[in-house]
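Residues per chain, in single letters:
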Amino acid sequence: MVIELAKILVFPGLVFLFAYAMFAQWLDRKLYARMQNRVGPRFIQPLADIVKLFSKETIIPKSVDPVLFRILPYFAFAAVATSFLFLPIMDSPITSIDGDLVIVAYLLTIPTLVLSLSGWVSATPYSIIGGIRCLSQLFSYEVPYFLSLLTPALMLGTWNINEISKGLPGMIVAHPIYILPVAVAFMVGIIALQGKLERKPFDIADAETEIVAGPFTEYSGRLFGIFRLSLDMEMIVGVSLLVAVFLGGVYPFSGALAIVSYLVKTIFVLFILAYIKTAVARIKINQMIDFGWMVLAPLSLLGILLVVLLHMGGIL
Amino acid sequence: MSERMILPIGPQHPLLKEPTHFKFTLEGEKIVDADIRLGYNHRGIEKACEERTYLQDLYMVERICGICSFVHSTNFAQATEDILKVEIPQRAKYLRVIVGELERIHSHLLWLGVAGHEIGFDTLFMLSWRDREIVQDLLEIITGNRVNYSFNTIGGVRKDLSKEEIDQTIKGLKVLEEQTKYFADVATKETTFIGRVAGVGYLPKEVALSHCAVGPTARGSGVDIDVRRDLPYAAYGEIPFNVITSDRGDVLGRTIVRVGETLEAINIVRYAIEHLPSGPITAKVPRKVQPGEAFSRYEAPRGEAVLYARANGTEKPDRIKVRAPTLANLASVRHTLLNQTVADIPIIVAAIDPCLSCTDRTSVILKQDGSPKTEEIDWAELRKRSLISKPLK
């Protein structure tokens, strides 16, 4: 019982997630800065930001619904923290059930919904526009994201994240042709994740120069800190999910070394995310929806089609 | 969302570098009406000029703009020299061209960075501002200052260009040229950048003409105007250069014009340095200026800047009037904003390279219901309020 609780709350649960989220934010900002020929933040900066936000006054505007305004950030936080329990960090995740891929995918949708709802609750022009943009964005990346997660699940015939991550490397070694659909789906997954995390080029919902901070405009102090923290943690969860589903989780190590391969792989994905962020400008919401449905969705369908064709071709 | 919604932007907003106010009426994300209010940054510089001597005013008008400071000081010096009927030495004319064009390079690189930032392309912002440091350093080497150069004086310039300074400038220009070509490449080829600027903020040629747009805003819509060529001042009459225009009319057109002008400015500086005549750099001028009036025009990086000066025979001018290029361009902004989306607001506003505190010549106080509070005051009262010795209540 104590060990279970420690696993959930400390390692590889909440505390680890928090620490790694801080590290990932630092790495992301540092890489972004170095690629732009800047110095970048100190290692302690993300933690200092959170501490600062938590110690600041929380202002609740008169126009908002105070109850909803207060509890929304915790919903995002809880959803992200829960979804981390299903992801393999060590040899096996803290908990694993059949169909947890679907559970994680849905839990990861909650922060976006909470964001758009908080925009509506704030009831100011910037936050309402931000909230609308959040939702319209959701419809353009969510379907390709789910479809790309579906590709490896179809290959292995299971909805269990742990089984997928354990089974995928062996399958690809046995039949190298399967690298094709996985590569296509991984590409779609990474781009859709960029949209999910509201990073460039898809940071449309909190476009600074247009609508200040979008849904966050009215948030301050601790509530904003929790939002920021849950978004940082969402990045880790999203990246870990991609690693587990497409890159074989902790393969090839096991036991204590498993964490090493997990860290190496997640940092690799974080690097790709930072690279995309550096190389592009923010696109417009209509361009994003066009891109989501005209490029990403067909690409993810192509991945599934490849799997189906390979299955029918009798390679498996 | 067929309902109409009001989106206020400013006076404080991350989009704006200086205070101004926009009121947008939206239908969903589409802008159906736009209202621009100026007057948050009136500093009374024209009035302050009347309180000071000509030489002091030279440094006063330099502080109208933090970016194109040389524009205003040259304009003032030219107008005063015109009243005095003084011909400045040839070398001074060339030196003014060199500093003026270096300033154009710095202003356009700054704009490119701001434009990148407005559309969320922070990498372009960081890199173009990094390379802008080169030209800032060159300006510091030549004039001694990075922003307000204090390089002009009535009757010429204050500092000569030495051999080492010329060598350093030539070296710096080489790096600048390479980097500007790279930025030109990014601005015309990077997909997400093109997606944000092509077809956005369209300003037809007729509208540009009827709304009196100037500078890159007009040239980006195919209006072929440039004071440097049409009414040469300083040494521009002797220097060959091309006026860059684009027929696109959108923000991309204005970007192409600005990047092209940066490359052209590098060539002008090179030519001016190679053909720098020898001789003195100042002409002797009297302290008191005989009665008369003059009008000076200057092609600033943002467009044509105009300065009118009237002298009354004393040490202080009787009247100074400055029209900054932003005022001429602001009228076209409303036209370009209509029927665009919220996401286009930052880049369309930034596309004229607004310099609002240079523009403001008045303050308007709005009442609670938003209507302007008007009050009639006579000349004596206005003068009393403008006196620097008596602070405003």
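Everything quoted here is computed from the prediction, not taken from an experiment.

Cut-offs used in this document
- Residues numbered from 1 in each chain as written.
- Chains lettered and ligands numbered in written order.
- Predicted model: local features only at pLDDT ≥ 70, side-chain atom pairs only at ≥ 80, totals over all residues.
- Helix = DSSP H or I, 4+ residues; strand = E, 2+ residues; numbered from the N terminus.
- Rg over C-alpha atoms; globule rule 2.2 N^0.38 Å.
- Buried ≥ 20, exposed ≤ 12 C-beta atoms within 10 Å, placed from the backbone.
- Contact = placed C-beta atoms within 7 Å.
- Expected span 1.5 Å × (residues − 1).
- Bend = angle between axes of the 7 residues up to and from the residue.
- Pairing = 2+ DSSP bridges.
- Axes fitted to C-alpha atoms, helices over the stretch in contact; angles between N-to-C directions.
- Nonpolar A, V, L, I, M, F, W, Y, C, P; charged D, E, K, R; others polar.
- Core = buried A, V, L, I, M, F, W, Y, C linked by C-beta atoms within 7 Å.
- Parallel < 35°, antiparallel > 145°, perpendicular 65-115°, else oblique.
- Left-handed = near helix turned anticlockwise from the far one by under 90°.
- pLDDT = per-residue confidence, 0-100.

**A closer look at the overall build of chain B**
- Regarding its fold elements, chain B presents 15 helices and 10 strands.
- In terms of overall size, chain B behaves like a compact globule, its C-alpha atoms giving a radius of gyration of 22 Å where 393 residues would be expected to give roughly 21 Å.
- Overall, the C-alpha framework of chain B stretches about 70 × 55 × 35 Å when taken along its three principal axes.
- Within chain B, buried positions represent 48% of all 393 residues.
- Across chain B, contacts joining residues at least 24 apart in sequence account for 70% of those joining residues at least 6 apart.

**Quick word on the overall build of chain A**
- Helix and strand counts for chain A stand at 12 helices and 0 strands.
- Taking the principal axes of the C-alpha coordinates as reference, chain A spans close to 65 × 50 × 40 Å.
- For chain A, the proportion of its 316 residues judged to be buried stands at 49%.

**Looking at the environment of Val71(B)**
All names here are of chain B.
- Assignment of secondary structure puts Val71 in helix α3 (residues 69–84).
- For Val71, a count of 29 C-beta atoms within 10 Å corresponds to the buried category.
- With sequence-adjacent residues up to four places away left out, Val71 is seen in contact with Cys65, Tyr298, Ala300 and Ala305.

**Quick look at helix α7 (residues 161–174) of chain A**
Residues and elements named next belong to chain A.
- The end-to-end C-alpha distance of α7, which contains 14 residues, comes to 20 Å, matching closely the 20 Å that a straight helix rising 1.5 Å per residue would cover.
- Taken as a whole, α7 carries its principal kink of about 30° at Gly167; the proline Pro169 stands between one and four residues after it.
- Three or more residues of α7 are buried, namely Ile161, Asn162, Ile164, Ser165, Lys166 and Leu168.
- Here the buried face of α7 lies against α5 (100–122), α6 (125–156) and α10 (221–246).

**Quick word on the sheet that holds strand β2 (residues 21–27) of chain B**
All names here are of chain B.
- Read across the sheet, 3 strands follow the order β1-β2-β3 without closing on themselves; strand pairing throughout is antiparallel. Of all strands in the sheet, those bounded by a partner on one side alone are β1 (4–9) and β3 (30–37). Averaged over all adjacent pairs, the angle separating strand axes in this sheet is 20°, with direction ignored.
- Sheet analysis places β2 next to β3, joined by 7 bridges and oriented antiparallel. Bridging across to β3, Phe22 finds its partner in Ile36.

**Thoughts on the interface of chain B and chain A**
- Listed by partner, the interface residues are 27 residues for chain B and 21 residues for chain A.
- Where the side of chain B that touches chain A is concerned, the elements lending two or more residues are β1, α4 (90–118), α5 (122–143), α7 (191–197) and α13 (345–351) of chain B.
- For the side of chain B that touches chain A, the element with the highest residue contribution is α5(B), accounting for 5 residues.
- A class-by-class count of the residues in the side of chain B that touches chain A yields 15 nonpolar, 7 polar and 5 charged.

**Focus on unusual backbone geometry**
- Put simply, Lys200(A) and Pro201(A) share a cis peptide bond, and its omega is 0°.
- Mapped onto the elements of the fold, Pro201(A) is located in the loop between α8 (179–196) and α9 (208–211).
- Positioned with a positive phi, Asp353(B) is a non-glycine residue whose angle comes to about 55°.
- Relative to the assigned elements, Asp353(B) resides in the loop between α13 and α14 (356–359).
- Among the residues examined, Asp353(B) registers 26 C-beta atoms within 10 Å and is labelled buried.

**A look at the packing of helix α2 (residues 14–35) of chain A against helix α3 (residues 45–55) of chain A**
Residues and elements named next belong to chain A.
- Interhelical geometry of α2 versus α3 gives an angle of 115° and a closest axis separation of 8 Å. Between α2 and α3, the residues in contact are Met22, Gln25 and Trp26 and Gln45, Pro46 and Leu47, respectively.
- Here the residues of the contact of α2 with α3 are counted per class, giving 4 nonpolar, 2 polar and no charged.

**As for the nonpolar core**
- Grouped together as the largest cluster of nonpolar side chains are 200 residues, with contacts concentrated most on Ile236(A), Leu242(A), Val99(B) and Ile347(B).
- Tallying contributions element by element places α10(A) first for this core, with 16 residues.

**A closer look at the sheet that holds strand β7 (residues 303–311) of chain B**
All names here are of chain B.
- Strand order in the open sheet formed by 3 strands is β6-β7-β8, with antiparallel pairing between adjacent strands. Pairing within the sheet leaves two strands with one partner each, and these edge strands are β6 (292–300) and β8 (317–323). Taken pair by pair, the neighbouring strands of this sheet meet at an average axis angle of 15°, ignoring direction.
- Helix-sheet contacts for α3 involve β6, β7 and β8, and the interaxial angle to β6 is about 150°.

**Looking at the packing of α5(B) against helix α6 (residues 163–189) of chain B**
Residue and element names in this part refer to chain B.
- The geometry of α5 relative to α6 is characterised by a closest axis approach of 10 Å and an angle of 160° between their N-to-C directions. With respect to their mutual orientation, α5 and α6 come out roughly antiparallel. Of the two possible hands of crossing, α5 and α6 adopt the one that is left-handed. In contact with Leu124, Ser128, Asp131, Ile134, Val135, Asp137, Leu138, Ile141 and Ile142 of α5, α6 contributes Glu165, Gln168, Thr169, Gly172, Val175, Leu176, Gln179, Phe183 and Val186.
- Its residues assigned to classes, the contact of α5 with α6 comprises 10 nonpolar, 5 polar and 3 charged.

**Focus on α6(A)**
All names here are of chain A.
- With 32 residues, α6 ought to run about 46 Å at 1.5 Å a step, and its terminal C-alpha atoms sit 47 Å apart, in line with that.
- Helix geometry: α6 is bent most strongly at Tyr141, by close to 30°, with proline Pro144 lying one to four residues after it.
- With 23 of 32 residues buried, α6 lies mostly within the body of the structure.

**Points about the pairing of β2(B)**
- Only one face of β2(B) is covered, namely the one carrying Phe22(B), Phe24(B) and Leu26(B); the face carrying His21(B), Lys23(B), Thr25(B) and Glu27(B) has none of its residues buried.
- Linking two consecutive strands that pair antiparallel, namely β2(B) and β3(B), is a turn of 2 residues; a positive phi of about 65° is found at Gly28(B) within it.

**Some thoughts on the confidence of the model for chain B**
- Mean pLDDT over chain B: 85, with 93% of residues reaching 70 or higher.
- Scored by ipTM, the complex comes to 0.81, with pTM at 0.86.

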